[in-house]
Amino acid sequence: MDLFEYMRVENAKKDSPLAARLRPRTLEEVVGQEHILGEGKLLSRAIRADKLGSVIFYGPPGTGKTTLAQVIANTTSSEFTQLNATVAGKKDMEEVVARAKEQLGMYGKKTILFVDEIHRFNKGQQDYLLPFVEDGTVSLIGATTENPYFEVNGALISRSVVFELKPLSTENIEKLILRAVTDVERGLGAYKAVAEPEAVHFLADVANGDARAALNAIELGVLTTERSEDGLIHITTEVAADCIQKRVLRYDKDGDNHYDNISAFIKSMRGSDPDAAIYYLAKMIQAGEEPAFIARRIMICAAEDVSNADPQALVVATNASLAVERIGMPEARIILAQAATYVACAPKSNSACVAIDRATEYVMSHKTDAVPVHLMDAHYKGAAKLNHGIGYQYAHLFPNHYVEQQYLPDGVVGEKFYEPSEQGYEKVQKDWLRFLKEHCDTEE
(Lines give C-alpha, C1' and ligand atoms only; values in the text may rest on other atoms or scores of the structure.)
Protein backbone atom coordinates (compact mmCIF):
# COMPACT_ATOMS: atom_id res chain seq x y z
CA MET A 1 0.00 0.00 0.00
CA ASP A 2 1.48 3.36 -1.05
CA LEU A 3 1.18 6.65 0.86
CA PHE A 4 -1.82 7.86 -1.12
CA GLU A 5 -3.73 4.62 -0.61
CA TYR A 6 -2.88 4.72 3.10
CA MET A 7 -4.21 8.27 3.40
CA ARG A 8 -7.37 7.33 1.50
CA VAL A 9 -8.05 4.43 3.86
CA GLU A 10 -7.39 6.56 6.95
CA ASN A 11 -9.64 9.37 5.73
CA ALA A 12 -12.37 6.86 4.91
CA LYS A 13 -12.21 5.57 8.49
CA LYS A 14 -12.65 9.09 9.86
CA ASP A 15 -15.52 9.93 7.52
CA SER A 16 -17.34 6.61 7.81
CA PRO A 17 -20.63 6.40 9.75
CA LEU A 18 -20.48 5.93 13.50
CA ALA A 19 -21.80 2.36 13.24
CA ALA A 20 -18.87 1.43 11.00
CA ARG A 21 -16.27 3.20 13.17
CA LEU A 22 -17.51 1.48 16.31
CA ARG A 23 -17.38 -2.04 14.89
CA PRO A 24 -15.67 -4.31 17.44
CA ARG A 25 -12.09 -5.25 16.66
CA THR A 26 -11.92 -8.17 19.08
CA LEU A 27 -14.32 -10.79 20.33
CA GLU A 28 -14.34 -9.14 23.76
CA GLU A 29 -15.77 -5.92 22.28
CA VAL A 30 -18.76 -7.69 20.71
CA VAL A 31 -22.07 -6.91 22.45
CA GLY A 32 -24.90 -9.46 22.41
CA GLN A 33 -25.24 -12.84 20.66
CA GLU A 34 -24.32 -14.65 23.88
CA HIS A 35 -26.10 -17.77 22.59
CA ILE A 36 -23.30 -18.30 20.05
CA LEU A 37 -20.44 -16.19 21.50
CA GLY A 38 -20.79 -16.94 25.20
CA GLU A 39 -18.07 -18.66 27.17
CA GLY A 40 -17.51 -22.15 25.83
CA LYS A 41 -19.77 -21.74 22.80
CA LEU A 42 -18.65 -23.32 19.53
CA LEU A 43 -18.24 -20.10 17.54
CA SER A 44 -16.23 -18.26 20.19
CA ARG A 45 -13.99 -21.32 20.67
CA ALA A 46 -13.41 -21.62 16.93
CA ILE A 47 -12.58 -17.91 16.51
CA ARG A 48 -10.17 -17.86 19.47
CA ALA A 49 -8.45 -21.03 18.27
CA ASP A 50 -8.36 -19.74 14.67
CA LYS A 51 -9.94 -23.01 13.55
CA LEU A 52 -13.04 -21.65 11.87
CA GLY A 53 -14.47 -23.68 9.00
CA SER A 54 -17.13 -22.51 6.57
CA VAL A 55 -20.00 -20.73 8.32
CA ILE A 56 -23.09 -18.75 7.42
CA PHE A 57 -24.29 -15.89 9.61
CA TYR A 58 -28.01 -15.39 9.32
CA GLY A 59 -30.06 -12.67 11.00
CA PRO A 60 -31.88 -9.33 10.68
CA PRO A 61 -30.02 -6.12 9.74
CA GLY A 62 -27.94 -4.53 12.46
CA THR A 63 -27.32 -7.70 14.49
CA GLY A 64 -23.57 -7.98 13.82
CA LYS A 65 -23.03 -10.30 10.85
CA THR A 66 -20.42 -8.09 9.18
CA THR A 67 -19.02 -7.22 12.61
CA LEU A 68 -18.28 -10.87 13.34
CA ALA A 69 -16.59 -11.20 9.96
CA GLN A 70 -14.36 -8.21 10.80
CA VAL A 71 -13.51 -9.70 14.20
CA ILE A 72 -12.50 -12.93 12.47
CA ALA A 73 -10.43 -10.91 9.98
CA ASN A 74 -8.59 -9.24 12.88
CA THR A 75 -7.87 -12.49 14.72
CA THR A 76 -7.14 -15.05 12.03
CA SER A 77 -3.74 -15.86 10.58
CA SER A 78 -5.42 -16.84 7.32
CA GLU A 79 -5.70 -14.56 4.31
CA PHE A 80 -9.00 -12.68 4.62
CA THR A 81 -10.86 -11.57 1.49
CA GLN A 82 -14.24 -9.87 1.25
CA LEU A 83 -16.82 -9.74 -1.54
CA ASN A 84 -20.26 -8.16 -1.64
CA ALA A 85 -22.67 -10.34 -3.58
CA THR A 86 -24.67 -7.32 -4.77
CA VAL A 87 -21.77 -6.15 -6.98
CA ALA A 88 -19.37 -9.09 -7.30
CA GLY A 89 -19.35 -11.23 -10.43
CA LYS A 90 -17.79 -14.50 -11.48
CA LYS A 91 -14.55 -12.77 -12.48
CA ASP A 92 -14.15 -11.46 -8.94
CA MET A 93 -14.62 -14.95 -7.56
CA GLU A 94 -12.13 -16.40 -10.04
CA GLU A 95 -9.53 -13.88 -8.88
CA VAL A 96 -10.18 -14.75 -5.23
CA VAL A 97 -9.86 -18.48 -5.92
CA ALA A 98 -6.66 -17.96 -7.94
CA ARG A 99 -5.06 -15.97 -5.09
CA ALA A 100 -6.28 -18.56 -2.57
CA LYS A 101 -4.62 -21.38 -4.53
CA GLU A 102 -1.42 -19.35 -4.71
CA GLN A 103 -1.43 -18.61 -0.96
CA LEU A 104 -2.09 -22.25 -0.14
CA GLY A 105 0.44 -23.66 -2.61
CA MET A 106 3.33 -21.27 -2.00
CA TYR A 107 2.92 -20.35 1.66
CA GLY A 108 0.60 -23.00 3.08
CA LYS A 109 -1.72 -20.18 4.11
CA LYS A 110 -5.47 -20.66 4.07
CA THR A 111 -7.95 -18.11 2.72
CA ILE A 112 -11.18 -17.02 4.35
CA LEU A 113 -13.68 -15.56 1.90
CA PHE A 114 -16.39 -13.38 3.41
CA VAL A 115 -19.40 -12.95 1.11
CA ASP A 116 -21.81 -10.30 2.35
CA GLU A 117 -25.43 -10.66 1.17
CA ILE A 118 -24.62 -14.16 -0.09
CA HIS A 119 -28.28 -14.78 -0.95
CA ARG A 120 -27.79 -12.29 -3.80
CA PHE A 121 -25.53 -14.77 -5.59
CA ASN A 122 -27.47 -16.75 -8.17
CA LYS A 123 -27.33 -20.54 -8.28
CA GLY A 124 -24.51 -20.55 -10.83
CA GLN A 125 -22.35 -18.26 -8.71
CA GLN A 126 -22.96 -20.36 -5.61
CA ASP A 127 -22.23 -23.55 -7.53
CA TYR A 128 -18.90 -22.07 -8.67
CA LEU A 129 -17.72 -21.72 -5.06
CA LEU A 130 -18.78 -25.22 -4.04
CA PRO A 131 -15.72 -27.30 -5.15
CA PHE A 132 -13.28 -24.79 -3.64
CA VAL A 133 -15.12 -24.81 -0.34
CA GLU A 134 -15.26 -28.60 -0.43
CA ASP A 135 -11.50 -29.09 -1.09
CA GLY A 136 -10.49 -26.42 1.45
CA THR A 137 -9.11 -23.89 -1.02
CA VAL A 138 -11.28 -21.31 0.74
CA SER A 139 -13.24 -21.24 3.96
CA LEU A 140 -16.51 -19.45 3.34
CA ILE A 141 -18.18 -16.96 5.64
CA GLY A 142 -21.55 -15.98 4.24
CA ALA A 143 -23.79 -13.28 5.69
CA THR A 144 -27.48 -13.07 4.87
CA THR A 145 -30.69 -11.52 6.11
CA GLU A 146 -32.65 -14.26 4.31
CA ASN A 147 -33.26 -17.77 5.56
CA PRO A 148 -30.24 -19.63 4.14
CA TYR A 149 -32.18 -22.87 3.94
CA PHE A 150 -34.34 -21.17 1.29
CA GLU A 151 -31.82 -18.91 -0.41
CA VAL A 152 -28.43 -20.64 -0.28
CA ASN A 153 -27.36 -23.68 -2.28
CA GLY A 154 -28.13 -26.82 -0.28
CA ALA A 155 -24.68 -28.23 -1.00
CA LEU A 156 -23.04 -25.11 0.48
CA ILE A 157 -25.34 -25.31 3.49
CA SER A 158 -24.34 -28.93 4.09
CA ARG A 159 -20.66 -27.93 4.15
CA SER A 160 -21.19 -24.99 6.51
CA VAL A 161 -22.34 -24.36 10.04
CA VAL A 162 -25.30 -21.97 10.17
CA PHE A 163 -25.31 -19.50 13.06
CA GLU A 164 -28.49 -17.50 13.59
CA LEU A 165 -27.95 -14.02 15.03
CA LYS A 166 -30.77 -12.65 17.16
CA PRO A 167 -31.97 -9.04 17.35
CA LEU A 168 -29.99 -7.25 20.05
CA SER A 169 -31.76 -6.70 23.34
CA THR A 170 -32.65 -3.23 24.57
CA GLU A 171 -29.88 -3.54 27.18
CA ASN A 172 -27.35 -4.48 24.47
CA ILE A 173 -28.20 -1.43 22.39
CA GLU A 174 -28.16 0.87 25.43
CA LYS A 175 -24.60 -0.31 26.08
CA LEU A 176 -23.60 0.45 22.48
CA ILE A 177 -25.18 3.93 22.60
CA LEU A 178 -23.30 4.81 25.78
CA ARG A 179 -20.09 3.48 24.25
CA ALA A 180 -20.69 5.65 21.19
CA VAL A 181 -21.27 8.80 23.25
CA THR A 182 -18.19 8.34 25.45
CA ASP A 183 -15.61 6.80 23.09
CA VAL A 184 -13.17 9.59 22.18
CA GLU A 185 -11.10 7.60 19.69
CA ARG A 186 -13.80 6.10 17.45
CA GLY A 187 -17.04 7.45 18.82
CA LEU A 188 -18.51 10.85 19.67
CA GLY A 189 -16.66 11.43 22.94
CA ALA A 190 -14.87 14.51 21.61
CA TYR A 191 -18.21 16.30 21.18
CA LYS A 192 -18.85 16.25 24.95
CA ALA A 193 -22.42 15.03 24.57
CA VAL A 194 -24.63 13.83 27.40
CA ALA A 195 -27.43 11.39 26.65
CA GLU A 196 -30.22 11.31 29.20
CA PRO A 197 -31.02 7.79 30.46
CA GLU A 198 -34.60 8.13 29.19
CA ALA A 199 -33.33 9.07 25.73
CA VAL A 200 -30.90 6.16 25.65
CA HIS A 201 -33.64 3.74 26.65
CA PHE A 202 -36.04 5.23 24.08
CA LEU A 203 -33.55 4.85 21.22
CA ALA A 204 -32.64 1.32 22.28
CA ASP A 205 -36.28 0.35 22.49
CA VAL A 206 -37.51 1.80 19.20
CA ALA A 207 -34.50 0.44 17.29
CA ASN A 208 -36.15 -3.00 17.58
CA GLY A 209 -32.88 -4.91 17.87
CA ASP A 210 -31.10 -2.99 15.08
CA ALA A 211 -27.93 -1.49 16.54
CA ARG A 212 -27.15 0.41 13.34
CA ALA A 213 -30.46 2.29 13.50
CA ALA A 214 -29.79 3.37 17.09
CA LEU A 215 -26.22 4.46 16.38
CA ASN A 216 -27.26 6.41 13.28
CA ALA A 217 -29.86 8.23 15.38
CA ILE A 218 -27.49 9.13 18.24
CA GLU A 219 -24.89 10.33 15.72
CA LEU A 220 -27.46 12.54 14.00
CA GLY A 221 -28.56 13.89 17.37
CA VAL A 222 -25.06 14.80 18.50
CA LEU A 223 -24.07 16.37 15.17
CA THR A 224 -27.20 18.51 14.80
CA THR A 225 -27.99 19.58 18.37
CA GLU A 226 -26.68 22.93 19.60
CA ARG A 227 -24.68 23.14 22.80
CA SER A 228 -26.40 24.30 25.93
CA GLU A 229 -25.11 27.06 28.17
CA ASP A 230 -23.06 24.53 30.14
CA GLY A 231 -21.10 23.77 26.97
CA LEU A 232 -22.54 20.25 26.61
CA ILE A 233 -24.75 18.71 23.95
CA HIS A 234 -27.80 17.29 25.71
CA ILE A 235 -29.58 14.40 23.99
CA THR A 236 -33.09 14.41 25.41
CA THR A 237 -35.96 12.06 24.61
CA GLU A 238 -37.40 14.77 22.32
CA VAL A 239 -34.12 15.00 20.39
CA ALA A 240 -33.89 11.21 20.17
CA ALA A 241 -37.47 10.88 18.90
CA ASP A 242 -36.83 13.55 16.28
CA CYS A 243 -33.70 11.77 15.05
CA ILE A 244 -35.14 8.29 14.70
CA GLN A 245 -38.55 9.57 13.52
CA LYS A 246 -40.36 6.31 14.10
CA ARG A 247 -39.92 2.81 15.34
CA VAL A 248 -37.80 0.62 13.10
CA LEU A 249 -40.07 -2.18 11.94
CA ARG A 250 -38.19 -5.38 11.22
CA TYR A 251 -40.16 -6.98 8.46
CA ASP A 252 -39.16 -8.39 5.10
CA LYS A 253 -42.14 -9.32 2.95
CA ASP A 254 -40.06 -11.84 1.00
CA GLY A 255 -38.26 -13.43 3.92
CA ASP A 256 -38.65 -14.99 7.35
CA ASN A 257 -40.57 -12.07 8.86
CA HIS A 258 -43.33 -12.67 6.33
CA TYR A 259 -43.68 -16.34 7.24
CA ASP A 260 -43.10 -15.90 10.98
CA ASN A 261 -45.67 -13.13 11.39
CA ILE A 262 -48.39 -14.79 9.34
CA SER A 263 -47.73 -17.99 11.31
CA ALA A 264 -48.07 -16.13 14.61
CA PHE A 265 -51.21 -14.40 13.31
CA ILE A 266 -52.90 -17.69 12.42
CA LYS A 267 -51.83 -19.39 15.64
CA SER A 268 -53.18 -16.46 17.65
CA MET A 269 -56.59 -16.75 15.96
CA ARG A 270 -56.52 -20.52 16.43
CA GLY A 271 -55.57 -20.01 20.07
CA SER A 272 -58.53 -17.63 20.65
CA ASP A 273 -56.32 -14.64 21.48
CA PRO A 274 -57.86 -11.63 19.66
CA ASP A 275 -55.31 -9.21 21.15
CA ALA A 276 -52.36 -11.13 19.72
CA ALA A 277 -54.16 -11.56 16.39
CA ILE A 278 -54.76 -7.80 16.15
CA TYR A 279 -51.13 -7.07 17.09
CA TYR A 280 -49.72 -9.25 14.30
CA LEU A 281 -52.34 -7.90 11.90
CA ALA A 282 -51.28 -4.31 12.65
CA LYS A 283 -47.62 -5.26 12.23
CA MET A 284 -48.25 -6.83 8.83
CA ILE A 285 -50.37 -3.91 7.64
CA GLN A 286 -47.77 -1.34 8.70
CA ALA A 287 -45.06 -3.34 6.95
CA GLY A 288 -47.04 -3.23 3.70
CA GLU A 289 -48.19 -6.84 3.59
CA GLU A 290 -50.73 -7.49 0.83
CA PRO A 291 -54.26 -7.21 2.35
CA ALA A 292 -55.58 -9.89 0.00
CA PHE A 293 -52.96 -12.32 1.32
CA ILE A 294 -54.00 -11.63 4.91
CA ALA A 295 -57.67 -12.08 3.99
CA ARG A 296 -56.92 -15.46 2.40
CA ARG A 297 -55.23 -16.65 5.56
CA ILE A 298 -58.22 -15.59 7.67
CA MET A 299 -60.52 -17.61 5.37
CA ILE A 300 -58.29 -20.68 5.70
CA CYS A 301 -58.24 -20.34 9.48
CA ALA A 302 -62.03 -19.98 9.56
CA ALA A 303 -62.43 -23.27 7.68
CA GLU A 304 -59.57 -25.20 9.26
CA ASP A 305 -59.74 -24.10 12.90
CA VAL A 306 -63.33 -22.89 13.44
CA SER A 307 -65.19 -24.97 10.88
CA ASN A 308 -68.70 -26.04 11.87
CA ALA A 309 -68.26 -24.95 15.47
CA ASP A 310 -69.34 -21.58 14.02
CA PRO A 311 -70.26 -21.84 10.31
CA GLN A 312 -70.62 -18.05 10.18
CA ALA A 313 -66.85 -17.65 10.62
CA LEU A 314 -66.18 -18.66 7.02
CA VAL A 315 -69.05 -16.44 5.85
CA VAL A 316 -67.57 -13.45 7.70
CA ALA A 317 -64.03 -14.20 6.46
CA THR A 318 -65.14 -14.66 2.84
CA ASN A 319 -67.19 -11.47 2.82
CA ALA A 320 -64.30 -9.64 4.46
CA SER A 321 -62.06 -10.79 1.61
CA LEU A 322 -64.52 -9.46 -0.96
CA ALA A 323 -64.91 -6.18 0.94
CA VAL A 324 -61.14 -5.71 1.20
CA GLU A 325 -60.88 -6.20 -2.57
CA ARG A 326 -63.59 -3.62 -3.26
CA ILE A 327 -62.63 -0.98 -0.70
CA GLY A 328 -58.85 -1.08 -0.42
CA MET A 329 -56.63 0.49 2.20
CA PRO A 330 -56.67 2.20 4.60
CA GLU A 331 -60.30 1.31 5.43
CA ALA A 332 -59.66 -2.35 4.61
CA ARG A 333 -57.69 -2.59 7.85
CA ILE A 334 -60.99 -2.31 9.77
CA ILE A 335 -62.56 -5.12 7.73
CA LEU A 336 -59.54 -7.36 8.30
CA ALA A 337 -59.66 -6.55 12.01
CA GLN A 338 -63.36 -7.47 12.19
CA ALA A 339 -62.79 -10.80 10.47
CA ALA A 340 -59.66 -11.62 12.48
CA THR A 341 -61.30 -10.89 15.83
CA TYR A 342 -64.45 -12.83 14.85
CA VAL A 343 -62.39 -15.90 13.96
CA ALA A 344 -60.25 -15.52 17.08
CA CYS A 345 -63.29 -15.32 19.36
CA ALA A 346 -65.29 -18.09 17.66
CA PRO A 347 -65.52 -21.59 19.21
CA LYS A 348 -62.88 -23.83 17.67
CA SER A 349 -62.98 -27.21 15.96
CA ASN A 350 -60.81 -28.90 13.36
CA SER A 351 -63.25 -31.79 12.83
CA ALA A 352 -63.81 -31.03 9.14
CA CYS A 353 -60.06 -30.78 8.55
CA VAL A 354 -59.47 -34.07 10.35
CA ALA A 355 -62.34 -35.67 8.41
CA ILE A 356 -61.01 -34.79 4.96
CA ASP A 357 -57.48 -35.86 5.95
CA ARG A 358 -58.77 -39.19 7.25
CA ALA A 359 -60.86 -39.78 4.14
CA THR A 360 -57.97 -38.81 1.85
CA GLU A 361 -55.59 -41.15 3.65
CA TYR A 362 -58.17 -43.95 3.41
CA VAL A 363 -58.79 -43.37 -0.30
CA MET A 364 -55.05 -43.34 -1.03
CA SER A 365 -54.33 -46.53 0.93
CA HIS A 366 -57.29 -48.74 -0.03
CA LYS A 367 -58.60 -50.16 -3.26
CA THR A 368 -61.33 -48.19 -4.98
CA ASP A 369 -64.80 -49.49 -4.14
CA ALA A 370 -67.76 -49.10 -6.45
CA VAL A 371 -70.59 -46.74 -5.60
CA PRO A 372 -73.57 -48.73 -4.24
CA VAL A 373 -75.99 -49.52 -7.09
CA HIS A 374 -78.95 -47.78 -5.46
CA LEU A 375 -76.95 -44.51 -5.30
CA MET A 376 -75.93 -44.58 -8.95
CA ASP A 377 -77.42 -42.12 -11.42
CA ALA A 378 -80.71 -43.49 -12.73
CA HIS A 379 -81.40 -40.77 -15.30
CA TYR A 380 -79.06 -41.50 -18.18
CA LYS A 381 -80.06 -43.74 -21.09
CA GLY A 382 -79.68 -47.42 -20.28
CA ALA A 383 -79.41 -46.94 -16.51
CA ALA A 384 -82.66 -48.82 -15.87
CA LYS A 385 -81.41 -51.90 -17.72
CA LEU A 386 -78.42 -51.93 -15.37
CA ASN A 387 -80.68 -51.49 -12.31
CA HIS A 388 -78.86 -48.28 -11.45
CA GLY A 389 -80.73 -46.29 -8.80
CA ILE A 390 -83.11 -49.15 -8.01
CA GLY A 391 -83.85 -49.31 -4.30
CA TYR A 392 -82.83 -45.76 -3.47
CA GLN A 393 -84.98 -44.24 -0.73
CA TYR A 394 -85.73 -40.52 -1.03
CA ALA A 395 -85.00 -39.01 2.40
CA HIS A 396 -87.62 -36.26 2.18
CA LEU A 397 -90.41 -38.84 2.18
CA PHE A 398 -89.57 -39.95 5.69
CA PRO A 399 -90.01 -38.44 9.17
CA ASN A 400 -87.34 -35.86 10.00
CA HIS A 401 -86.31 -36.13 6.32
CA TYR A 402 -84.08 -39.05 7.22
CA VAL A 403 -83.98 -42.71 6.28
CA GLU A 404 -81.32 -45.21 7.21
CA GLN A 405 -79.72 -46.77 4.17
CA GLN A 406 -76.22 -47.60 2.97
CA TYR A 407 -74.30 -44.67 1.52
CA LEU A 408 -70.69 -45.85 1.77
CA PRO A 409 -69.38 -48.51 -0.64
CA ASP A 410 -69.53 -52.10 0.61
CA GLY A 411 -65.85 -52.19 1.56
CA VAL A 412 -65.99 -48.90 3.46
CA VAL A 413 -69.11 -49.54 5.56
CA GLY A 414 -68.41 -48.85 9.23
CA GLU A 415 -65.61 -46.31 8.67
CA LYS A 416 -65.94 -43.00 10.55
CA PHE A 417 -64.40 -39.89 9.05
CA TYR A 418 -66.33 -36.91 10.42
CA GLU A 419 -66.85 -36.79 14.16
CA PRO A 420 -68.43 -33.50 15.30
CA SER A 421 -66.95 -32.09 18.48
CA GLU A 422 -68.77 -30.70 21.50
CA GLN A 423 -67.80 -27.17 20.41
CA GLY A 424 -70.36 -24.56 19.37
CA TYR A 425 -72.69 -25.52 16.54
CA GLU A 426 -70.94 -28.88 16.08
CA LYS A 427 -72.55 -30.03 19.34
CA VAL A 428 -75.92 -29.25 17.73
CA GLN A 429 -74.89 -31.32 14.70
CA LYS A 430 -73.73 -34.15 16.90
CA ASP A 431 -76.93 -34.18 18.93
CA TRP A 432 -79.03 -34.04 15.75
CA LEU A 433 -77.24 -37.00 14.16
CA ARG A 434 -77.67 -38.96 17.40
CA PHE A 435 -81.37 -38.07 17.46
CA LEU A 436 -81.85 -39.27 13.87
CA LYS A 437 -80.19 -42.61 14.62
CA GLU A 438 -82.28 -43.15 17.74
CA HIS A 439 -85.62 -42.15 16.20
CA CYS A 440 -85.23 -43.58 12.72
CA ASP A 441 -88.54 -44.64 11.17
CA THR A 442 -88.27 -46.16 7.70
CA GLU A 443 -91.98 -46.38 7.05
CA GLU A 444 -93.37 -43.77 4.62
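The structure under discussion appears in the preceding block.
My aim in this report is to walk through the structure given alongside it, one point at a time. (Residues numbered from 1 in each chain as written. Predicted model: local features only at pLDDT ≥ 70, side-chain atom pairs only at ≥ 80, totals over all residues. Heavy atoms only, no water.)

## Some details on the overall build of the protein chain
Then comes step 1: Helix and strand counts for the protein chain stand at 20 helices and seven strands.
Then comes step 2: In terms of overall dimensions, the protein chain is more spread out than a globule: its C-alpha atoms have a radius of gyration of 32 Å, far above the 22 Å expected for 444 residues.
Then comes step 3: Expressed as lengths along the three principal axes of its C-alpha atoms, the size of the protein chain is roughly 105 × 65 × 40 Å.
Then comes step 4: Expressed as a percentage of the 444 residues in the protein chain, the buried residues total 41%.
Then comes step 5: Taking contacts inside the protein chain between residues at least 6 apart in sequence as the whole, the part at least 24 apart equals 73%.
Then comes step 6: Just so you have it, the protein chain exposes about 24,800 Å², and 53% of that area is on carbon and sulfur atoms. (Helix = DSSP H or I, 4+ residues; strand = E, 2+ residues; numbered from the N terminus. Rg over C-alpha atoms; globule rule 2.2 N^0.38 Å. Buried < 20%, exposed > 50% of the residue type's maximum accessible area, 1.4 Å probe, protein only. Contact = heavy atoms within 4.5 Å. Areas by Shrake-Rupley, 256 points an atom, 1.4 Å probe, with all protein chains shown as cover.)

## Observations concerning the pattern of salt bridges
Then comes step 1: This structure, assessed with the given rule, holds 15 salt bridges.
Then comes step 2: A salt bridge links Glu-29 to Arg-25; the nearest nitrogen and oxygen atoms lie 3.4 Å apart.
Then comes step 3: One salt bridge in this structure joins Lys-109 and Glu-79, with 3.8 Å as the shortest N-O distance. One end of the pair, Lys-109, is in the loop between helix H6 (90-107) and strand S3 (111-116); the other, Glu-79, is in strand S2 (residues 79-84), and 30 residues separate them in sequence.
Then comes step 4: Using a relative accessible area of 32% as the deciding quantity, one classes Lys-109 as partly exposed.
Then comes step 5: Classification of Glu-79 by relative accessible area gives partly exposed; the value is 29%.
Then comes step 6: A network of salt bridges, in which partner residues are shared, links Arg-25, Glu-29, Glu-185 and Arg-186. (Salt bridge = Lys/Arg side-chain N within 4 Å of Asp/Glu carboxyl O.)

## Remarks on the packing of helix H12 (residues 211-224) against helix H13 (residues 237-244)
Then comes step 1: Across the interface, H12 lies against H13 with an axial gap of 9 Å and an inter-helix angle of 120 degrees. H12 and H13 meet at a crossing whose hand is right-handed. The residues of H13 that touch H12, namely those facing Ala-213, Ala-217, Leu-220 and Gly-221, are Val-239, Cys-243 and Ile-244.
Then comes step 2: Here the residues of the contact of H12 with H13 are counted per class, giving six nonpolar, one polar and no charged. (Axes fitted to C-alpha atoms, helices over the stretch in contact; angles between N-to-C directions. Left-handed = near helix turned anticlockwise from the far one by under 90°. Nonpolar A, V, L, I, M, F, W, Y, C, P; charged D, E, K, R; others polar.)

## Some remarks on H12
Then comes step 1: Counted at 1.5 Å a residue, the expected span for H12 with its 14 residues is 20 Å, and the 20 Å between its end C-alpha atoms agrees.
Then comes step 2: Of all the positions in H12, only Ala-211, Ala-213, Ala-214, Leu-215, Ala-217, Ile-218, Glu-219, Gly-221 and Val-222 are classed as buried. (Expected span 1.5 Å × (residues − 1).)

## Here's the deal with unusual backbone geometry
Trans peptide bonds make up most of the peptide bonds, and negative phi angles are found at most residues other than glycine.
Then comes step 1: Residue Pro-330 is bonded to the preceding Met-329 through a cis peptide linkage, with omega at 5 degrees.
Then comes step 2: At Asp-50, a position not held by glycine, the phi torsion is positive, near 55 degrees.
Then comes step 3: You can see Asp-50 is positioned in the loop between helix H4 (42-49) and strand S1 (55-58).
Then comes step 4: Asp-50 sits in the partly exposed class, given a relative accessible area of 26%.
Then comes step 5: One non-glycine residue, Ser-272, lies in the positive phi region at around 60 degrees.
Then comes step 6: When you line up the elements, Ser-272 lands in the loop between helix H14 (256-270) and helix H15 (274-286).

## Brief notes about the layout of surface pockets
If a probe as big as a water molecule is rolled over the atoms, it shows which places are left empty.
Then comes step 1: Taken as a whole, the largest pocket holds about 680 Å³ of empty space.
Then comes step 2: Along the walls of the largest pocket sit 19 residues, with Glu-415, Lys-416, Tyr-418, Leu-433 and Lys-437 positioned nearest its centre.
Then comes step 3: Residues of the lining of the largest pocket, tallied by class, amount to nine nonpolar, three polar and seven charged. (1 Å grid on protein atoms, 1.4 Å probe; cavity = no way out; pocket = protein on both sides within 12 Å on 5 of 7 lines; lining within 4 Å. Points joined across faces, edges and corners; volume = space filled by probe spheres on them.)

## Here's the deal with the side chain of Lys-65
Then comes step 1: Structurally, Lys-65 is set in helix H5 (residues 65-75).
Then comes step 2: Side-chain polar atoms of Lys-65 contact the backbone oxygen of Gly-59, separated by 3.1 Å. (Polar contact = N/O pair within 3.5 Å; in protein donor to acceptor, adjacent residues only side chain to side chain.)

Function cannot be inferred from these measures alone, as they are strictly geometric.
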